[in-house]
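Fold and geometry: a report
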Amino acid sequence: MSFTAFTQSIVDLAVLNPLPGAVLAIITLFGVVKLGNLFGSYLAVLLDTLVRRGTPLTTYGSKAGAWAVVTGATAGIGEQFAHQLARAGFKVLLVSRTQSKLDAVASELKEKYSGEVATFALDAASAGDKEYSQLAAFVDDLEGGVGVLVNNVGQSHEMPVPFAETTKEEMHQIIQINNVATLEITRAVIPALQKSIKTKKSKRALILTMGSFAGLTPTPLLATYSGSKAFLQGWSSALGAELAPEGIDVELVVSYLVTSNMSKIRRTSAMIPSPKAFVKATLRSLNRRGGAQERAYTSTPFWSHGLLHWWIENALGVYSRIVAVFNRKMHVDIRRRALRKIAKSANTQ
Ligand SMILES: NC(=O)c1ccc[n+]([C@@H]2O[C@H](COP(=O)([O-])OP(=O)(O)OC[C@H]3O[C@@H](n4cnc5c(N)ncnc54)[C@H](OP(=O)(O)O)[C@@H]3O)[C@@H](O)[C@H]2O)c1
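Residues numbered from 1 in each chain as written. Predicted model: local features only at pLDDT ≥ 70, side-chain atom pairs only at ≥ 80, totals over all residues. Heavy atoms only, no water.

**Overview of a positive patch on the surface**
Together, Arg53, Arg87, Lys112, Lys276 and Lys280 make up a positively charged patch on the protein surface. Within the secondary structure layout, Lys280 lies in helix α9 (residues 275–284). (Patch = residues over 30% accessible without salt bridge, like charges linked within 9 Å, V, L, I, M, F, W, Y side chains within 5 Å. Areas by Shrake-Rupley, 256 points an atom, 1.4 Å probe, with all protein chains shown as cover. Salt bridge = Lys/Arg side-chain N within 4 Å of Asp/Glu carboxyl O. Lys, Arg positive; Asp, Glu negative; His and termini not counted. Charge placed at Lys NZ, Arg CZ, Asp CG, Glu CD. Helix = DSSP H or I, 4+ residues; strand = E, 2+ residues; numbered from the N terminus.)

If you want it as C-alpha coordinates, here you go:
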(Lines give C-alpha, C1' and ligand atoms only; values in the text may rest on other atoms or scores of the structure.)
Protein backbone atom coordinates (compact mmCIF):
# COMPACT_ATOMS: atom_id res chain seq x y z
CA MET A 1 0.00 0.00 0.00
CA SER A 2 1.39 3.43 -0.96
CA PHE A 3 1.85 6.17 1.64
CA THR A 4 -0.97 8.28 0.08
CA ALA A 5 -3.37 5.33 0.12
CA PHE A 6 -2.44 4.58 3.74
CA THR A 7 -3.05 8.23 4.79
CA GLN A 8 -6.40 8.22 2.94
CA SER A 9 -7.49 5.07 4.76
CA ILE A 10 -6.70 6.67 8.16
CA VAL A 11 -8.71 9.78 7.20
CA ASP A 12 -11.63 7.59 6.01
CA LEU A 13 -11.54 5.64 9.27
CA ALA A 14 -11.60 8.85 11.32
CA VAL A 15 -14.57 10.20 9.31
CA LEU A 16 -16.49 6.92 9.58
CA ASN A 17 -15.74 6.43 13.30
CA PRO A 18 -15.32 9.87 14.83
CA LEU A 19 -13.78 9.61 18.31
CA PRO A 20 -16.16 10.29 21.16
CA GLY A 21 -15.64 13.71 22.74
CA ALA A 22 -14.32 12.27 25.99
CA VAL A 23 -11.56 10.32 24.21
CA LEU A 24 -10.55 13.39 22.20
CA ALA A 25 -10.48 15.47 25.36
CA ILE A 26 -8.22 12.91 27.11
CA ILE A 27 -5.83 12.81 24.14
CA THR A 28 -5.71 16.61 23.98
CA LEU A 29 -5.18 16.88 27.73
CA PHE A 30 -2.37 14.31 27.56
CA GLY A 31 -0.72 16.29 24.74
CA VAL A 32 -1.01 19.57 26.60
CA VAL A 33 0.41 18.07 29.83
CA LYS A 34 3.30 16.42 27.96
CA LEU A 35 4.15 19.59 26.02
CA GLY A 36 3.82 21.73 29.15
CA ASN A 37 6.18 19.36 30.95
CA LEU A 38 8.75 19.51 28.17
CA PHE A 39 8.56 23.29 27.96
CA GLY A 40 8.84 23.63 31.75
CA SER A 41 11.84 21.32 32.02
CA TYR A 42 13.65 23.04 29.11
CA LEU A 43 13.09 26.41 30.75
CA ALA A 44 14.40 24.95 34.03
CA VAL A 45 17.61 23.80 32.29
CA LEU A 46 18.19 27.33 30.96
CA LEU A 47 17.41 28.96 34.32
CA ASP A 48 19.53 26.46 36.32
CA THR A 49 22.58 26.69 34.09
CA LEU A 50 22.47 30.40 33.23
CA VAL A 51 20.50 32.33 35.84
CA ARG A 52 19.54 30.70 39.14
CA ARG A 53 22.13 30.21 41.85
CA GLY A 54 22.20 27.11 43.99
CA THR A 55 22.79 26.55 47.71
CA PRO A 56 25.56 28.89 48.88
CA LEU A 57 28.79 27.36 50.15
CA THR A 58 28.32 29.14 53.49
CA THR A 59 25.57 26.56 54.21
CA TYR A 60 28.34 23.93 54.33
CA GLY A 61 30.60 25.98 56.61
CA SER A 62 32.89 27.84 54.17
CA LYS A 63 33.04 30.90 56.44
CA ALA A 64 32.82 28.97 59.70
CA GLY A 65 36.15 27.14 59.62
CA ALA A 66 34.92 23.86 58.10
CA TRP A 67 37.03 21.56 55.92
CA ALA A 68 36.40 20.39 52.37
CA VAL A 69 37.88 16.99 51.41
CA VAL A 70 38.78 16.68 47.71
CA THR A 71 40.00 13.45 46.09
CA GLY A 72 42.12 13.40 42.92
CA ALA A 73 43.08 16.92 43.93
CA THR A 74 46.43 17.32 42.19
CA ALA A 75 45.28 17.83 38.60
CA GLY A 76 42.35 18.76 36.37
CA ILE A 77 38.87 19.06 37.84
CA GLY A 78 39.90 18.00 41.37
CA GLU A 79 42.65 20.62 41.57
CA GLN A 80 40.12 23.26 40.55
CA PHE A 81 37.67 22.10 43.22
CA ALA A 82 40.50 22.51 45.75
CA HIS A 83 41.27 26.04 44.51
CA GLN A 84 37.70 27.26 44.34
CA LEU A 85 36.72 25.77 47.72
CA ALA A 86 39.82 27.32 49.34
CA ARG A 87 38.98 30.68 47.74
CA ALA A 88 35.46 30.40 49.18
CA GLY A 89 36.97 30.08 52.68
CA PHE A 90 37.13 26.31 53.32
CA LYS A 91 40.15 24.65 54.85
CA VAL A 92 41.05 21.97 52.31
CA LEU A 93 42.19 18.37 52.71
CA LEU A 94 43.80 17.20 49.47
CA VAL A 95 43.63 13.44 48.88
CA SER A 96 45.54 11.94 45.97
CA ARG A 97 48.14 9.39 44.96
CA THR A 98 51.45 11.28 44.75
CA GLN A 99 52.80 13.06 47.87
CA SER A 100 55.12 15.39 45.90
CA LYS A 101 52.17 16.61 43.78
CA LEU A 102 50.03 17.00 46.92
CA ASP A 103 52.77 19.13 48.51
CA ALA A 104 53.02 21.32 45.40
CA VAL A 105 49.25 21.98 45.27
CA ALA A 106 49.12 22.51 49.06
CA SER A 107 51.81 25.19 49.02
CA GLU A 108 50.15 26.93 46.06
CA LEU A 109 46.81 27.01 47.91
CA LYS A 110 48.40 28.30 51.13
CA GLU A 111 50.21 31.03 49.24
CA LYS A 112 47.13 32.11 47.26
CA TYR A 113 44.37 31.91 49.86
CA SER A 114 46.31 31.73 53.16
CA GLY A 115 43.87 29.18 54.60
CA GLU A 116 44.70 25.84 56.22
CA VAL A 117 45.55 22.97 53.87
CA ALA A 118 46.33 19.34 54.73
CA THR A 119 47.27 16.36 52.56
CA PHE A 120 46.58 12.65 52.71
CA ALA A 121 48.34 10.37 50.19
CA LEU A 122 46.21 7.41 49.15
CA ASP A 123 46.45 5.22 46.06
CA ALA A 124 42.82 4.54 45.20
CA ALA A 125 43.85 1.60 43.02
CA SER A 126 45.40 -0.36 45.89
CA ALA A 127 44.14 1.11 49.19
CA GLY A 128 42.63 -1.36 51.65
CA ASP A 129 41.02 -1.41 55.11
CA LYS A 130 44.14 0.01 56.82
CA GLU A 131 44.30 3.11 54.58
CA TYR A 132 40.56 3.78 54.76
CA SER A 133 40.57 3.49 58.58
CA GLN A 134 43.51 5.90 58.70
CA LEU A 135 41.62 8.33 56.45
CA ALA A 136 38.52 8.08 58.68
CA ALA A 137 40.62 8.85 61.79
CA PHE A 138 42.45 11.70 60.03
CA VAL A 139 39.20 13.32 58.90
CA ASP A 140 37.58 12.82 62.31
CA ASP A 141 40.44 14.80 63.92
CA LEU A 142 40.12 17.83 61.64
CA GLU A 143 39.34 20.81 63.83
CA GLY A 144 36.43 22.88 62.56
CA GLY A 145 34.47 19.91 61.21
CA VAL A 146 34.03 18.65 57.67
CA GLY A 147 31.36 20.29 55.51
CA VAL A 148 32.15 18.97 52.03
CA LEU A 149 33.40 15.79 50.35
CA VAL A 150 34.21 15.90 46.64
CA ASN A 151 34.54 12.37 45.20
CA ASN A 152 36.47 13.40 42.13
CA VAL A 153 39.12 10.71 41.71
CA GLY A 154 38.48 8.60 38.63
CA GLN A 155 40.16 6.68 35.85
CA SER A 156 39.13 5.94 32.29
CA HIS A 157 40.64 3.67 29.63
CA GLU A 158 43.99 4.71 28.19
CA MET A 159 42.16 4.90 24.85
CA PRO A 160 38.85 3.48 23.51
CA VAL A 161 39.22 -0.32 23.38
CA PRO A 162 36.83 -3.22 22.69
CA PHE A 163 35.79 -4.78 26.01
CA ALA A 164 37.24 -8.19 25.09
CA GLU A 165 40.64 -6.58 24.45
CA THR A 166 40.68 -4.50 27.65
CA THR A 167 43.54 -5.65 29.85
CA LYS A 168 42.50 -7.22 33.14
CA GLU A 169 44.66 -4.69 34.95
CA GLU A 170 42.88 -1.71 33.36
CA MET A 171 39.46 -3.26 33.93
CA HIS A 172 40.13 -3.90 37.64
CA GLN A 173 41.74 -0.49 38.21
CA ILE A 174 38.77 1.38 36.77
CA ILE A 175 36.32 -0.47 39.02
CA GLN A 176 38.63 -0.22 42.03
CA ILE A 177 39.21 3.54 41.66
CA ASN A 178 35.83 4.72 40.36
CA ASN A 179 33.63 2.47 42.46
CA VAL A 180 35.33 0.69 45.38
CA ALA A 181 37.49 3.66 46.42
CA THR A 182 34.63 6.14 46.01
CA LEU A 183 32.39 4.05 48.27
CA GLU A 184 35.15 3.40 50.83
CA ILE A 185 36.17 7.08 50.99
CA THR A 186 32.53 8.13 51.39
CA ARG A 187 32.07 5.61 54.23
CA ALA A 188 35.21 6.97 55.88
CA VAL A 189 34.05 10.61 55.65
CA ILE A 190 30.28 10.38 56.36
CA PRO A 191 30.73 10.15 60.19
CA ALA A 192 32.74 13.40 60.11
CA LEU A 193 30.00 15.10 58.02
CA GLN A 194 27.35 13.89 60.49
CA LYS A 195 29.44 15.14 63.41
CA SER A 196 29.79 18.59 61.83
CA ILE A 197 26.04 18.95 61.57
CA LYS A 198 25.44 17.59 65.08
CA THR A 199 27.99 19.94 66.64
CA LYS A 200 26.66 22.84 64.52
CA LYS A 201 29.99 23.40 62.74
CA SER A 202 27.98 23.53 59.50
CA LYS A 203 24.24 23.84 58.84
CA ARG A 204 24.30 21.07 56.26
CA ALA A 205 26.96 18.91 54.60
CA LEU A 206 27.60 18.09 50.95
CA ILE A 207 28.84 15.07 49.00
CA LEU A 208 29.63 15.68 45.32
CA THR A 209 30.61 12.74 43.10
CA MET A 210 31.94 13.10 39.54
CA GLY A 211 29.73 11.30 37.03
CA SER A 212 30.13 11.40 33.27
CA PHE A 213 28.22 11.39 29.99
CA ALA A 214 29.89 7.99 29.51
CA GLY A 215 27.72 6.80 32.41
CA LEU A 216 24.65 8.71 31.23
CA THR A 217 24.64 7.03 27.81
CA PRO A 218 26.13 3.56 27.22
CA THR A 219 29.52 4.15 25.60
CA PRO A 220 30.92 1.31 23.47
CA LEU A 221 34.70 0.90 23.56
CA LEU A 222 34.69 2.53 27.00
CA ALA A 223 32.38 -0.16 28.36
CA THR A 224 34.03 -0.63 31.76
CA TYR A 225 34.36 3.11 32.41
CA SER A 226 30.81 3.63 31.15
CA GLY A 227 29.45 0.96 33.51
CA SER A 228 31.47 2.28 36.46
CA LYS A 229 30.00 5.78 36.04
CA ALA A 230 26.46 4.41 35.55
CA PHE A 231 26.94 2.55 38.85
CA LEU A 232 27.76 5.87 40.53
CA GLN A 233 24.45 7.29 39.25
CA GLY A 234 22.40 4.61 40.99
CA TRP A 235 24.51 4.62 44.14
CA SER A 236 24.63 8.40 44.48
CA SER A 237 20.89 8.90 43.92
CA ALA A 238 20.08 6.22 46.52
CA LEU A 239 22.52 7.82 48.97
CA GLY A 240 20.95 11.22 48.29
CA ALA A 241 17.53 10.00 49.41
CA GLU A 242 19.07 8.26 52.46
CA LEU A 243 21.06 11.22 53.72
CA ALA A 244 18.77 14.17 52.90
CA PRO A 245 16.78 13.85 56.17
CA GLU A 246 20.07 14.07 58.11
CA GLY A 247 21.00 17.35 56.40
CA ILE A 248 23.56 15.89 53.97
CA ASP A 249 23.07 16.96 50.33
CA VAL A 250 24.30 14.42 47.79
CA GLU A 251 24.79 15.24 44.12
CA LEU A 252 26.13 13.28 41.18
CA VAL A 253 27.82 15.82 38.88
CA VAL A 254 27.40 14.79 35.24
CA SER A 255 29.95 16.10 32.78
CA TYR A 256 30.63 15.85 29.07
CA LEU A 257 34.27 16.49 28.04
CA VAL A 258 36.47 18.92 30.00
CA THR A 259 40.07 19.78 29.08
CA SER A 260 42.41 17.66 31.27
CA ASN A 261 45.07 14.95 31.32
CA MET A 262 42.33 12.32 31.29
CA SER A 263 40.44 13.67 28.26
CA LYS A 264 43.77 14.48 26.53
CA ILE A 265 42.04 17.60 25.16
CA ARG A 266 43.87 20.90 25.53
CA ARG A 267 41.73 23.39 23.61
CA THR A 268 38.50 24.67 25.15
CA SER A 269 35.31 25.24 23.15
CA ALA A 270 31.63 25.90 23.85
CA MET A 271 31.17 22.15 24.45
CA ILE A 272 34.50 21.51 26.22
CA PRO A 273 35.18 23.90 29.11
CA SER A 274 38.34 24.21 31.17
CA PRO A 275 38.26 22.58 34.63
CA LYS A 276 38.07 26.12 36.08
CA ALA A 277 34.89 27.04 34.16
CA PHE A 278 33.36 23.60 34.83
CA VAL A 279 33.94 23.74 38.60
CA LYS A 280 32.71 27.34 38.76
CA ALA A 281 29.43 26.25 37.11
CA THR A 282 29.15 23.30 39.52
CA LEU A 283 29.70 25.30 42.70
CA ARG A 284 27.38 28.14 41.70
CA SER A 285 24.44 25.79 41.10
CA LEU A 286 24.55 23.29 43.97
CA ASN A 287 21.28 21.37 44.36
CA ARG A 288 20.02 22.68 41.00
CA ARG A 289 19.66 19.96 38.38
CA GLY A 290 20.83 21.80 35.25
CA GLY A 291 20.41 19.38 32.35
CA ALA A 292 19.49 16.48 34.65
CA GLN A 293 15.91 17.63 35.24
CA GLU A 294 14.51 14.10 35.37
CA ARG A 295 17.08 12.81 37.89
CA ALA A 296 16.94 13.32 41.63
CA TYR A 297 20.20 14.18 43.43
CA THR A 298 21.94 14.74 40.08
CA SER A 299 23.12 17.79 38.18
CA THR A 300 24.54 18.51 34.73
CA PRO A 301 25.73 21.98 35.67
CA PHE A 302 27.69 23.31 32.69
CA TRP A 303 25.29 25.09 30.30
CA SER A 304 26.19 23.35 27.02
CA HIS A 305 26.44 19.93 28.73
CA GLY A 306 23.05 20.62 30.31
CA LEU A 307 21.40 21.38 26.98
CA LEU A 308 23.00 18.32 25.35
CA HIS A 309 21.83 16.11 28.24
CA TRP A 310 18.26 17.46 27.93
CA TRP A 311 18.10 16.94 24.16
CA ILE A 312 19.49 13.39 24.29
CA GLU A 313 17.13 12.47 27.12
CA ASN A 314 14.01 13.99 25.54
CA ALA A 315 14.59 13.57 21.80
CA LEU A 316 16.17 10.09 21.72
CA GLY A 317 16.43 8.59 25.21
CA VAL A 318 19.78 7.97 26.90
CA TYR A 319 19.55 4.19 26.41
CA SER A 320 18.32 4.37 22.81
CA ARG A 321 19.96 2.30 20.11
CA ILE A 322 20.58 5.45 18.01
CA VAL A 323 22.67 6.96 20.81
CA ALA A 324 24.61 3.72 21.35
CA VAL A 325 25.35 3.37 17.61
CA PHE A 326 26.43 7.02 17.39
CA ASN A 327 28.70 6.59 20.44
CA ARG A 328 30.19 3.45 18.94
CA LYS A 329 31.05 5.19 15.67
CA MET A 330 32.57 8.11 17.55
CA HIS A 331 34.79 5.88 19.71
CA VAL A 332 35.82 3.58 16.87
CA ASP A 333 37.02 6.73 15.14
CA ILE A 334 38.86 8.02 18.25
CA ARG A 335 40.55 4.61 18.63
CA ARG A 336 41.60 4.60 14.96
CA ARG A 337 43.17 8.05 15.29
CA ALA A 338 44.90 7.13 18.59
CA LEU A 339 46.40 3.97 17.04
CA ARG A 340 47.52 5.94 13.98
CA LYS A 341 49.25 8.48 16.25
CA ILE A 342 51.05 5.71 18.18
CA ALA A 343 52.19 4.06 14.93
CA LYS A 344 53.42 7.41 13.59
CA SER A 345 55.44 8.21 16.70
CA ALA A 346 56.90 4.65 16.70
CA ASN A 347 58.01 5.16 13.09
CA THR A 348 59.73 8.45 13.84
CA GLN A 349 61.75 6.97 16.72
N1 LIG B 1 38.03 15.29 31.88
C2 LIG B 1 36.87 14.92 31.38
O3 LIG B 1 36.59 15.12 30.19
C4 LIG B 1 35.85 14.26 32.26
C5 LIG B 1 34.54 14.09 31.77
C6 LIG B 1 33.59 13.50 32.58
C7 LIG B 1 33.92 13.08 33.86
N8 LIG B 1 35.19 13.23 34.32
C9 LIG B 1 35.51 12.75 35.67
O10 LIG B 1 36.09 13.81 36.43
C11 LIG B 1 37.02 13.28 37.36
C12 LIG B 1 38.35 14.01 37.24
O13 LIG B 1 38.83 13.87 35.92
P14 LIG B 1 40.05 14.74 35.35
O15 LIG B 1 39.89 14.77 33.89
O16 LIG B 1 40.17 16.01 36.10
O17 LIG B 1 41.30 13.76 35.70
P18 LIG B 1 42.86 14.05 35.70
O19 LIG B 1 43.18 15.41 35.17
O20 LIG B 1 43.49 12.87 35.06
O21 LIG B 1 43.24 14.06 37.28
C22 LIG B 1 43.07 12.89 38.01
C23 LIG B 1 43.43 13.14 39.48
O24 LIG B 1 43.18 11.92 40.18
C25 LIG B 1 44.40 11.48 40.78
N26 LIG B 1 44.52 10.03 40.70
C27 LIG B 1 44.58 9.27 39.58
N28 LIG B 1 44.71 7.98 39.90
C29 LIG B 1 44.71 7.93 41.25
C30 LIG B 1 44.82 6.88 42.18
N31 LIG B 1 44.99 5.62 41.80
N32 LIG B 1 44.77 7.18 43.50
C33 LIG B 1 44.64 8.45 43.92
N34 LIG B 1 44.55 9.50 43.08
C35 LIG B 1 44.61 9.22 41.77
C36 LIG B 1 45.50 12.14 39.99
O37 LIG B 1 46.66 12.15 40.81
P38 LIG B 1 48.13 11.91 40.18
O39 LIG B 1 48.49 13.26 39.68
O40 LIG B 1 48.97 11.43 41.27
O41 LIG B 1 47.97 10.94 39.05
C42 LIG B 1 44.87 13.49 39.72
O43 LIG B 1 44.97 14.32 40.86
C44 LIG B 1 37.08 11.78 37.09
O45 LIG B 1 36.24 11.11 37.99
C46 LIG B 1 36.53 11.65 35.68
O47 LIG B 1 35.97 10.39 35.45
C48 LIG B 1 36.16 13.82 33.56
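Next comes the rest of the write-up.
**So, the layout of surface pockets**
In this structure, the second largest pocket encloses a volume near 170 Å³. Surrounding the second largest pocket, Arg53, Gly54, Thr55, Pro56, Leu57, Gln84, Lys280, Leu283 and Arg284 form its lining. Grouping the constituent residues of the lining of the second largest pocket by class yields three nonpolar, three polar and three charged. (1 Å grid on protein atoms, 1.4 Å probe; cavity = no way out; pocket = protein on both sides within 12 Å on 5 of 7 lines; lining within 4 Å. Points joined across faces, edges and corners; volume = space filled by probe spheres on them. Nonpolar A, V, L, I, M, F, W, Y, C, P; charged D, E, K, R; others polar.)

**Remarks on the UniProt feature "transmembrane region" (unreviewed entry) in the chain**
Per the UniProt record, the feature "transmembrane region" (unreviewed entry) sits at residues 22–47. Across residues 22–47, the secondary structure splits into 100% helix and 0% strand, with the terminal C-alpha atoms separated by 37 Å. (UniProt positions renumbered as here; feature names shortened; annotations may be inferred.)

**Some words on the pattern of salt bridges**
Per the counting criterion, the structure on display carries ten salt bridges. Of the charged contacts in the structure, one is a salt bridge between Arg337 and Asp333, with a shortest N-O distance of 3.3 Å. Of the two residues, Arg337 and Asp333 are both situated in helix α11 (residues 321–348); the distance of four residues between them amounts to about one turn of the helix. Among the residues examined, Asp333 registers a relative accessible area of 31% and is labelled partly exposed. In this structure, a network of salt bridges that share partners links the residues Glu294, Arg295 and Glu313. (Buried < 20%, exposed > 50% of the residue type's maximum accessible area, 1.4 Å probe, protein only.)

**Quick look at the site of the ligand**
Around the ligand sit 31 residues, and of these Thr74, Arg97, Thr98, Tyr225 and Ser260 come closest. Within the contact set of the ligand, an oxygen atom lies 2.4 Å away from a side-chain nitrogen or oxygen of Arg97. At 2.6 Å, a side-chain N or O of Thr98 approaches an oxygen atom of the ligand. Look at the ligand: alone it shows 900 Å² of surface, and the protein chains cover 93% of it. Residue composition of the shell around the ligand, by class: 14 nonpolar, 13 polar and four charged. (Near = heavy atom within 4 Å. Polar contact = N/O pair within 3.5 Å; in protein donor to acceptor, adjacent residues only side chain to side chain.)

**Regarding the environment of Gln84**
Its place among the elements puts Gln84 in helix α3 (residues 76–87). Residue classification places Gln84 among the buried positions, given a relative accessible area of 11%. Along the backbone, Gln84 and Asp141 are 57 residues apart, and their C-alpha atoms lie at a distance of 23 Å. Once residues within four sequence positions are removed from consideration, Gln84 is found in contact with Lys276, Val279, Lys280 and Leu283. (Contact = heavy atoms within 4.5 Å.)

**Here we look at empty space enclosed by the protein**
Under the counting rule described, the total for this entry stands at one cavity of 30 Å³ or more. Lining of the largest cavity is provided by Ser212, Gly215, Leu216, Lys229, Ala230, Gln233, Leu252 and Val254. Those elements giving two or more residues to the lining of the largest cavity turn out to be α7 (213–216) and α8 (223–243). At three residues, α8 tops the list of elements feeding residues into the lining of the largest cavity. Grouping the amino acids of the lining of the largest cavity by side-chain chemistry returns four nonpolar, three polar and one charged.

**Regarding the UniProt feature "active site" (unreviewed entry) in the chain**
The feature "active site" (unreviewed entry), as annotated in UniProt, sits at Tyr225 in this numbering. You can see Tyr225 is positioned in helix α8. What makes Tyr225 buried here is its relative accessible area of 9%. When neighbours within four sequence positions are excluded, Tyr225 is seen to be in contact with Gln155, Ser156, His157, Ile174, Asn178, Ser212, Ala214 and Met262.

**A look at the packing of α3 against helix α4 (residues 99–113)**
Two elements in contact, α3 and α4, have axes separated by 10 Å at closest approach and are oriented at 25°. By the angle between their axes, α3 is roughly parallel relative to α4. As α3 packs across α4, the resulting crossing turns out to be right-handed. Contact residues: α3 offers Glu79, Ala82, His83, Ala86 and Arg87, while α4 offers Val105, Glu108, Leu109, Lys112 and Tyr113. Classifying every residue of the contact of α3 with α4 gives five nonpolar, one polar and four charged. (Axes fitted to C-alpha atoms, helices over the stretch in contact; angles between N-to-C directions. Parallel < 35°, antiparallel > 145°, perpendicular 65-115°, else oblique. Left-handed = near helix turned anticlockwise from the far one by under 90°.)

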